[in-house]
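# Observations on the three-dimensional arrangement
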Amino acid sequence: MTIVANAPRVQHSTIDPAPVREIRVAVLGLGQVGGAIAALAARARGTLPASFEVASALVRDPRKPRAIDAAALPLTTDPRTALASKPDVLVEVLGGIEPARTLVLEALNAGIPVVTANKTLLAYCGAELFSAAAAAGVPLLYEASVLAGVPFLGTLGRRPLARSVTGFRAILNGTSNFVLTRMARDGAGFAEALTSAQRAGFAEPDPSKDIEGDDAVEKLCVLLRHLAGFDIHPSQIDKTGIAGVDGRDQQHASAFGGTVRPVAAADWSGETVTAYVGPVYVEGTNALSRVDGVQNAIALTTLWSGELFFSGPGAGPTVTAATVLDDVVEASQNGEATSIEHEPASPRAANPRLRHRSRQTPPVTSVNDGAWFVRLTSSSLGEADAPSLLASLGVRIRRASCIDARSGRHSQWLLTHPCGRAHLDAALDVLSAKTGCSAWRIPALE
Ligand code: HSE
């Protein structure tokens, strides 16, 4: 290796330091993420081509103890003060719908660019907010709302060929991935793993949103709008929580060569949108199986660029703050609304097969075919040959575990070949009627 000392900086670099300019930011919410934004804004001073001044910080209780030193910050409990502080950019990290929705609309209507990390707000009120941003001609940026530490939404927004996407498979929730990874790797119990995720600041204030899949559903809806222009309500998405996964599922998944991960998947290459959020058996050969802990990842199926894979930290106050502040810089430089919403990312225009479709959102269905990971449990499974019985009912079995007879119950894990969901469920009903076993099944991904 040649070491070049004192190498001159090339003049045409696209990351040349620009003159430092100060951006005034009003921050709505000074919780874990809002606090990290204020702290990072202060720490980054002098090291970036932008510097940030917190013009006001909206809090519920100014006396509340915080992880950051808030003494020097202009705290206010009055949203009007925050909006009146003449910010260049308003940052909304309150979470939830109200008062975030009202304040974001007020800011947009007043011509103030908005940056938000609030996937709930975007999932439930996206149509209204993006219309307001377009009408006002101001940016509404939301890079930190999905894969918080991975700047990929904006990248796709500027690249029309790369964003000709027809589907994705992703791990969108850091907390549930952290929990399932710890159960698989260390044999940790569910509660212990969840507590560590909460302590690290990954989990939502109400962790049931992570565990039951609502957080990932909201992110999936943000992605469906961003990538395809579909306005899909979270209630339309089929979701399953991860609380039904136990340590033995992970052990047997590992024996089959895979692992159980919290997956969000969508596909709109056909006449319907297929979407699912929940635990999925992922083969060890699939890159998603190696996305561990709080990491998130998304594999996009594109028309022209093959599969694009983005991964990185999906949660955590500092990584989210860094993404939000990058959005702030972008929003402050950009006079126009930059959401893809105003120029659909859908491949329809480019793909003759899809061209006839309007921007009307097609019907949403769940995962219907593909392979399945099945757990059978009963008091007497040993007497029945469940794999043969299922095979006789047309469900071809790829792998079957030995019968596990711990805790006085008999359990067996199966991996099927591709099989329609209705067909599998009918066969499991017959098996259940004949043997008295109960069945739990999740999709399996190659
Ligand atoms: N609770 C979320 C997660 C935070 O665990 O992924 C980031 O959106």
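Everything below is about the structure printed above this text.
Computed from a prediction, not measured in an experiment: that's the story for all the values here.

### Re the sheet that holds strand S4 (residues 89-92)
The strand order across the open sheet built from six strands is S3-S2-S1-S4-S5-S6, with neighbouring strands paired in parallel fashion. Every other strand in the sheet has two partners, leaving strand S3 (75-76) and strand S6 (140-141) as the edge strands with one partner each. Bridge count between strand S1 (residues 21-28) and strand S2 (residues 50-58): eight bridges; the pairing is parallel. Bridge pairing links Val-25 to Val-54 in S2.

### Some words on the site of the ligand
The local shell around the ligand holds 13 residues, among which Gly-174, Thr-175, Glu-204, Asp-210 and Lys-219 are the closest. A distance of 2.7 Å separates an oxygen atom of the ligand from a polar backbone atom of Gly-174. One of the backbone N or O atoms of Phe-202 is found 2.8 Å from a nitrogen atom in the ligand. For the ligand, the protein covers 92% of the area, taking 260 Å² as the surface of the free molecule. Elements that contribute at least two residues to the shell around the ligand include exactly helix H6 (174-185) and helix H9 (214-228). Residues that form the shell around the ligand fall into these classes: four nonpolar, four polar and five charged.

### Digging into the pattern of salt bridges
One pass over the structure, following the stated rule, counts 21 salt bridges. Between Glu-22 and Arg-45 there is a salt bridge; the shortest N-O distance is 3.4 Å. Of this pair, Glu-22 sits in strand S1 while Arg-45 sits in the loop between helix H1 (32-43) and S2; the two residues are 23 residues apart in sequence, bridging distant segments of the chain. Since its relative accessible area comes to 46%, Arg-45 is described here as partly exposed. Put simply, Arg-261 and Asp-292 hold a salt bridge, and the shortest N to O gap is 2.7 Å. On the criterion of sequence distance, the pair formed by Arg-261 in strand S9 (residues 258-267) and Asp-292 in the loop between strand S10 (273-283) and strand S11 (295-302) is long-range, its members being 31 residues apart. The buried category is assigned to Arg-261, whose relative accessible area is 2%. In the salt-bridge network here, residues are joined through shared partners; they are Lys-119, Glu-204, Asp-215 and Lys-219.

Rules and cut-offs
Residues numbered from 1 in each chain as written. Predicted model: local features only at pLDDT ≥ 70, side-chain atom pairs only at ≥ 80, totals over all residues. Heavy atoms only, no water. Pairing = 2+ DSSP bridges. Helix = DSSP H or I, 4+ residues; strand = E, 2+ residues; numbered from the N terminus. Near = heavy atom within 4 Å. Polar contact = N/O pair within 3.5 Å; in protein donor to acceptor, adjacent residues only side chain to side chain. Areas by Shrake-Rupley, 256 points an atom, 1.4 Å probe, with all protein chains shown as cover. Nonpolar A, V, L, I, M, F, W, Y, C, P; charged D, E, K, R; others polar. Salt bridge = Lys/Arg side-chain N within 4 Å of Asp/Glu carboxyl O. Buried < 20%, exposed > 50% of the residue type's maximum accessible area, 1.4 Å probe, protein only.

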